[in-house]
Amino acid sequence: MDELKDKERELAPLEREFNHVVCSFEQFFKSQATASIILLLAAIAAMVIANSDSRELYQKISHMALSISLGDFTLSHSLHTWVNDGLMVLFFFLLGLEIKYECLVGDLKDFRDSSLVIAMALGGMVLPASIYAGIALTGVDEAMNGWGIPMATDTAFALGILALLGSKAPRSAAVTLSALAIVDDMGAVAVIGLFYTDGLDLLSLGYAGLALLGLFLFNLLGVRRPIFYVLGGLLLWWFVLQSGVHATAAGILAALAVPTKPYAQSSWFARNMRSIVNRFEKIDKKDVSILEHQEQHELVEEAQDIAAMATTPIQRWGHVLNRPVSLLILPIFAFINAGVALPSDLSQIFDSVVLVGVAVAMVLGKICGISLFAWLAVKSGLSRLPTGLSFAQVFALASLAGVGFTMSLFIASVGFAGQPELLAQAKLGILAGSVIAALLGTTLFMLNSSNTGAGSAQKENHNKAGLPQTEG
């Protein structure tokens, strides 16, 4: 799409001056690193408030009751529950859309191409969980409930750091990390569904199955209007919530039923859009605004309808949800969940098995697990490193994968529900582990970039040409 210039605009009286003010804000919100920055600020705000004189206010906000009533029916939960079991369903729905897309046409479509990230993700789940379990065995029995916490990778934070690194991190690192995070999220969702679920209500689970069948039936019948999937998704969420399975599973399941085929073929789109453009140009008058020209307005609306029919729901709905989820829902989740009061004597934190286990597993477990499994996959001939990515950069990437903020906090809130002391320790471990992993990964990428820049001109030209580097 060509850039829209001011001379091709119909500006309001004060719009030009206002645009100079908001331009920088628009560029900021379009940046790939924006989501991670806002998420970080929300977490910092929660920590500051929770450790200030306003800590009681923070607790009141988190436990504030929010009710929905209709006649005799009343649904009342705390703000914390609405965020974790309600708003976060949209995050998991968006995650489900990404997983489905990647499996159908993305980096996970071909097993030979995806085998490396699958191996890396497995290593990044198995070793952190094992390290945590080994450390947790030395503490109270309840500490074992947190074994799933260090398995997760926070995609927004990790990719945000890569975006801030710019040219110091190859593009293939971002692609690999994105695919790795998708597989990692699949594992986290499976862990939540299988191991962090209490007693099941089979009747509600049966109703949830019927709601899911209804969504798939809409797909098979060619229904593409969002309202049908919204209503079906709400029913699915309600029954899953009542069944004992964590409500966020409804988001993943609903995403699997979203249609992946457009209503019309691209040739039909091109033909009709050309017709509309030709008709628009024939009746266009330079001195007449579209406000005065109803026929032009109708043509523009028709073009919007044609564009909607030529795109797939899975892409269109994901695009619509992406910013609200990343810029609003996740920061709210971080603010509600990240606030934890630090002990008066900081030396006591090292006595916490949960805190130490989470932090060590997130950093050491991710680095060793991802790097080791990647090396084994490549050396066995099962996989190959992407173009421009060296094993040194895989090691740096594995460090960044230790940033497990969002999903780790979520698993901690489920695993240590009703155990505020252990939950607080887990949150501190997540924050400590994520910060260490972020700093270590950033440092390794920068050092690797410096070493590469100091090398021979032949190696520099080799990398710029996009040729594969020597493996091992």
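Just above sits the structure.
Thresholds applied
Residues numbered from 1 in each chain as written. Predicted model: local features only at pLDDT ≥ 70, side-chain atom pairs only at ≥ 80, totals over all residues. Heavy atoms only, no water. Helix = DSSP H or I, 4+ residues; strand = E, 2+ residues; numbered from the N terminus. Buried < 20%, exposed > 50% of the residue type's maximum accessible area, 1.4 Å probe, protein only. Contact = heavy atoms within 4.5 Å. Areas by Shrake-Rupley, 256 points an atom, 1.4 Å probe, with all protein chains shown as cover. Salt bridge = Lys/Arg side-chain N within 4 Å of Asp/Glu carboxyl O. Pairing = 2+ DSSP bridges. Expected span 1.5 Å × (residues − 1). Arc of directions from axis to C-beta. Core = buried A, V, L, I, M, F, W, Y, C linked by side-chain atoms within 4.5 Å. Patch = residues over 30% accessible without salt bridge, like charges linked within 9 Å, V, L, I, M, F, W, Y side chains within 5 Å. Lys, Arg positive; Asp, Glu negative; His and termini not counted. Charge placed at Lys NZ, Arg CZ, Asp CG, Glu CD. Phe/Tyr/Trp six-rings, centres within 6.5 Å; stacked < 30°, edge-to-face > 60°. Axes fitted to C-alpha atoms, helices over the stretch in contact; angles between N-to-C directions. Left-handed = near helix turned anticlockwise from the far one by under 90°. Nonpolar A, V, L, I, M, F, W, Y, C, P; charged D, E, K, R; others polar.

1. Some words on the overall build of the protein
Summing up its helical and strand segments, the protein has 18 helices and two strands in all. Taken across its 472 residues, the protein has 42% of its residues classed as buried. Long-range pairs, those at least 24 residues apart, make up 79% of the contacts in the protein with a sequence separation of at least 6. Per element, the accessible surface of the protein, about 25,300 Å² overall, is 63% carbon and sulfur.

2. Details of the pattern of salt bridges
Throughout the structure, instances matching the rule amount to two salt bridges. Between Asp184 and Lys366 there is a salt bridge, with the nearest N and O atoms lying 2.8 Å from each other. Of this pair, Asp184 sits in helix 7 (residues 171–195) while Lys366 sits in helix 14 (residues 353–379); the two residues are 182 residues apart in sequence, bridging distant segments of the chain. Asp184 sits in the buried class, given a relative accessible area of 1%. Given a relative accessible area of 0%, Lys366 falls into the buried group. Measuring nitrogen to oxygen at the nearest pair gives 3.8 Å for the salt bridge that ties Arg279 to Glu302. With Arg279 in helix 11 (residues 266–283) and Glu302 in helix 12 (residues 294–310), this pair connects stretches of sequence that are 23 residues apart.

3. Focus on the pairing of strand 1 (residues 65–70)
With zero of its six residues buried, strand 1 lies for the most part at the surface. Relative to strand 2 (residues 73–78), strand 1 runs antiparallel, the two being bridged by six bridges. Of the residues in strand 2, the one forming a bridge with Ser67 is Ser76.

4. Quick look at helix 9 (residues 226–243)
Here helix 9 contains 18 residues, and its C-alpha end-to-end distance of 25 Å stays within 8% of the 26 Å for a straight helix at 1.5 Å per residue. Along helix 9, the positions that sit buried rather than exposed are Tyr229, Gly232, Gly233, Leu236, Trp237, Val240 and Ser243. Around the axis of helix 9, the buried residues are gathered within 145° of arc, so they sit on the same side. Here the buried face of helix 9 lies against helix 4 (79–104), helix 8 (202–220), helix 10 (249–256) and helix 13 (313–338). Looking one or two residues past helix 9, Gly244 carries a phi angle of roughly 105°, positive in sign.

5. Focus on the nonpolar core
The biggest cluster of nonpolar side chains holds 117 residues, and the ones touching the most others in it are Phe92, Leu236, Phe405, Met407 and Phe445. For Phe92, the contacting residues outside a window of four places in its chain are Val189, Ile192, Thr248, Gly251, Ile252, Met407 and Phe410.

6. Some remarks on a negative patch on the surface
A surface patch of like charges, here negative, comprises Glu295, Glu298, Glu301 and Asp305. Inspection of the secondary structure assignment puts Glu301 in helix 12. Given a relative accessible area of 39%, Glu301 falls into the partly exposed group.

7. Things to note about the packing of aromatic side chains
Going through the model one piece at a time under the given rule, you end up with ten aromatic pairs. Considering the side-chain rings of Phe73 and Trp238, the 6.2 Å spacing of their centres and the 70° angle between planes classify their relative orientation as edge-to-face. Here Phe73 is found in strand 2, whereas its partner Trp238 is found in helix 9, with 165 residues between them in sequence. Using a relative accessible area of 43% as the deciding quantity, one classes Phe73 as partly exposed. Owing to a relative accessible area of 26%, Trp238 belongs among the partly exposed residues under this scheme. A centroid spacing of 5.9 Å and a plane angle of 75° characterise the contact between Phe218 and Tyr229, whose relative ring orientation is edge-to-face. Here Tyr229 lies in helix 9 and Phe218 lies in helix 8, a separation of eleven residues in the sequence. Owing to a relative accessible area of 8%, Tyr229 belongs among the buried residues under this scheme. Among the aromatic residues, those joined into a ring-pair cluster are Phe91, Phe92, Phe333 and Phe410.

8. As for the environment of Ile37
Relative to the helices and strands, Ile37 resides in helix 2 (residues 34–50). It is 9.2 Å that separates the C-alpha atoms of Ile37 and Ala156, two residues lying 119 residues apart in sequence.

9. So, the packing of helix 9 against helix 10
Viewed as axis vectors pointing N to C, helix 9 and helix 10 meet at an angle of 145°, and their least axial separation amounts to 9 Å. The two elements helix 9 and helix 10 cross, and the hand of that crossing is right-handed. The residues of helix 10 that touch helix 9, namely those facing Leu236, Trp237 and Val240, are Ala250, Leu253 and Ala254. Residues belonging to the contact of helix 9 with helix 10 are distributed by class as follows: six nonpolar, no polar and no charged.

10. Focus: the side chain of Thr176
Relative to the assigned elements, Thr176 resides in helix 7. Not counting chain neighbours up to four residues away, the residues in contact with Thr176 comprise Val117, Met120, Pro386, Leu389 and Leu397.

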